[in-house]
Amino acid sequence: MRSLNLDNLRTFAIVVEQGSFSAAATRLGLTQPAVSLQIRQLERHLGVSLIERIGRRAQPTAAGLELLGYSERFDALVSSALDAMARHASGVMGRVRIGTGATACIYLLPPILRSLRQRFPTLEITVSTGNTSDFVKAVEENSIDVALVTLPAAGRMLDVTPVLEDEFVVIAPAGTDLPERVDAATLTTRPVILFEPGGNTRRIVDDWFAQRGVALKPIMSLGSVEAIKELVSAGLGCAVLPGMAASQAARLGELVVRPLSPGLHRTLAIILRRDKRLHLGLKETIRALMALGPQRTSKPPQ
């Protein structure tokens, strides 16, 4: 009793609209007996009379008039549902869940997200920030679709595509006298602020110091690159940061920015499940992330 044939319901609404079974049959491209059968089936299913003939015109009964109100709402919902599914089928609309580190989120993603939203206004994009290990697990579990992470990253189900090299730099308060390239020994003579432990970015920096025989003890460790820059700007010490986080401050002369000696860099890579099905929005997101690095000869995602 709870199921309802939507075709029969639509036929009923058209009979009422046209005022006759024959006119409704012409509108629907059916025979008049076929239209009459659909109305009888609907009435039998609901247990009420829906249409009565007044002269030569078919008009709704009281029950039919009430059902007509529901029919209009059903028709609108069905149209909306079909439109939504058509957008999914064409790939224009969908959901893309991106994971990345906080630094990349601040300095790399905004122009990418702006371009995607301009091109695909109905594309739903969510961004999560965290560490590489978090996102390796999240991509494998399919709780996010794609991640831009600091290498190393590996997983049995993952495709890992390096896209960008980011050189580390030392930043210091404006006016600080630093050599053109800063080595580990120089940093041991100064207060240093680093990223908090746990992520690949901090491990890369710690390994660089360890390879120089230096066990550096930072005066502070923070998870926010912007907070680190503010503390450095306030004169609390130097910091070792990814270059992308310091380029604007260097241009504006707000901070002293120097490369390390020997140089140190991190590699950012896209990670994706090998069996991930790519709709258009996700394909274009991956293309945009790939474009962060130098031009590649490999084929874009299909």
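Placed above this text is the structure.
The sections below set out a description of the structure shown in this document. (Residues numbered from 1 in each chain as written. Predicted model: local features only at pLDDT ≥ 70, side-chain atom pairs only at ≥ 80, totals over all residues. Heavy atoms only, no water.)

1. Quick word on the overall build of the protein chain
Moving on, step 1. The number of helices and strands found in the protein chain is 12 helices and 11 strands.
Moving on, step 2. Principal axes of the C-alpha set define a box for the protein chain whose edges measure 105 × 40 × 35 Å.
Moving on, step 3. The buried share among the 302 residues of the protein chain stands at 43%.
Moving on, step 4. Intrachain contacts of the protein chain at a sequence separation of at least 6 include 72% that bridge at least 24 residues.
Moving on, step 5. A total of about 16,200 Å² of accessible surface is found on the protein chain, and carbon and sulfur atoms cover 52% of it.
Moving on, step 6. Across the protein chain, the mean location of the 35 positive side-chain charges is 6 Å away from that of the 28 negative side-chain charges. (Helix = DSSP H or I, 4+ residues; strand = E, 2+ residues; numbered from the N terminus. Buried < 20%, exposed > 50% of the residue type's maximum accessible area, 1.4 Å probe, protein only. Contact = heavy atoms within 4.5 Å. Areas by Shrake-Rupley, 256 points an atom, 1.4 Å probe, with all protein chains shown as cover. Lys, Arg positive; Asp, Glu negative; His and termini not counted. Charge placed at Lys NZ, Arg CZ, Asp CG, Glu CD.)

2. Some details on the packing of aromatic side chains
Moving on, step 1. Evaluation of the coordinates by the stated rule reveals 2 aromatic pairs.
Moving on, step 2. A centroid spacing of 5.0 Å and a plane angle of 80° characterise the contact between W208 and F209, whose relative ring orientation is edge-to-face. Pair check on accessibility: W208 and F209 agree, each one buried. (Phe/Tyr/Trp six-rings, centres within 6.5 Å; stacked < 30°, edge-to-face > 60°.)

3. Focus: the packing of helix α6 (residues 109-119) against helix α12 (residues 280-290)
Moving on, step 1. Contact geometry for α6 and α12: axes closest at 10 Å, N-to-C directions at 145°. The handedness of the crossing between α6 and α12 is right-handed. Across from L109, I112, L116 and R119 in α6, the residues of α12 making contact are E284, T285, A288 and L289.
Moving on, step 2. Looking at the contact of α6 with α12, its residues break down into 5 nonpolar, 1 polar and 2 charged. (Axes fitted to C-alpha atoms, helices over the stretch in contact; angles between N-to-C directions. Left-handed = near helix turned anticlockwise from the far one by under 90°. Nonpolar A, V, L, I, M, F, W, Y, C, P; charged D, E, K, R; others polar.)

4. Quick look at the nonpolar core
Moving on, step 1. Core analysis: the biggest nonpolar cluster contains 24 residues, and L108, V146, L148, I270, I286 and L289 have the highest contact counts within it.
Moving on, step 2. Residue contributions to this core peak at 5 residues, all from α12.
Moving on, step 3. A172, V182, F209 and L216 belong to the second largest nonpolar core, which has 20 residues in total. (Core = buried A, V, L, I, M, F, W, Y, C linked by side-chain atoms within 4.5 Å.)

5. Examining the pattern of salt bridges
Moving on, step 1. On inspection of all chains with the given rule, the structure shows 10 salt bridges.
Moving on, step 2. A salt bridge links R273 to D275; the shortest N-O distance between them is 2.8 Å.
Moving on, step 3. Judged by its relative accessible area of 17%, R273 is buried.
Moving on, step 4. Here E284 makes a salt bridge to R287, at a shortest N to O gap of 3.5 Å. Taken together, the residues span about one helical turn, with E284 and R287 both in helix α12 at a distance of 3 residues.
Moving on, step 5. A relative accessible area of 13% places E284 in the buried class.
Moving on, step 6. What emerges from the salt-bridge pattern is a single network uniting R97, D145 and K276. (Salt bridge = Lys/Arg side-chain N within 4 Å of Asp/Glu carboxyl O.)

6. Some words on the environment of S115
Moving on, step 1. By the secondary structure assignment, S115 is in helix α6.
Moving on, step 2. A relative accessible area of 31% means that S115 is categorised as partly exposed.
Moving on, step 3. When the C-alpha atoms of S115 and T285 are compared, they prove to be 9.8 Å apart, with 170 residues separating the residues in sequence.

7. Side note on the side chain of T201
Moving on, step 1. Mapped onto the elements of the fold, T201 is located in helix α9 (residues 200-211).
Moving on, step 2. Each residue touching T201, except ones within four places of it in the same chain, is listed here: T150, F168, F195, P242 and R266.

8. Let's talk about helix α3 (residues 32-46)
Moving on, step 1. Given a rise of 1.5 Å per residue, 15 residues ought to cover 21 Å, and the 21 Å separating the end C-alpha atoms of α3 matches this to within 8%.
Moving on, step 2. One or two residues past the end of α3 sits G47, with phi positive at roughly 80°. (Expected span 1.5 Å × (residues − 1).)

9. Some details on the packing of helix α2 (residues 21-28) against α3
Moving on, step 1. Remark: α2 packs on α3, axes separated minimally by 8 Å, with the N-to-C direction vectors making an angle of 105°. Taken together, the axis directions place α2 and α3 in an arrangement best described as roughly perpendicular. Here F21, S22, A24, A25 and L28 of α2 lie close against α3, whose contacting residues are Q32, V35, S36 and I39.
Moving on, step 2. A class-by-class count of the residues in the contact of α2 with α3 yields 6 nonpolar, 3 polar and no charged. (Parallel < 35°, antiparallel > 145°, perpendicular 65-115°, else oblique.)

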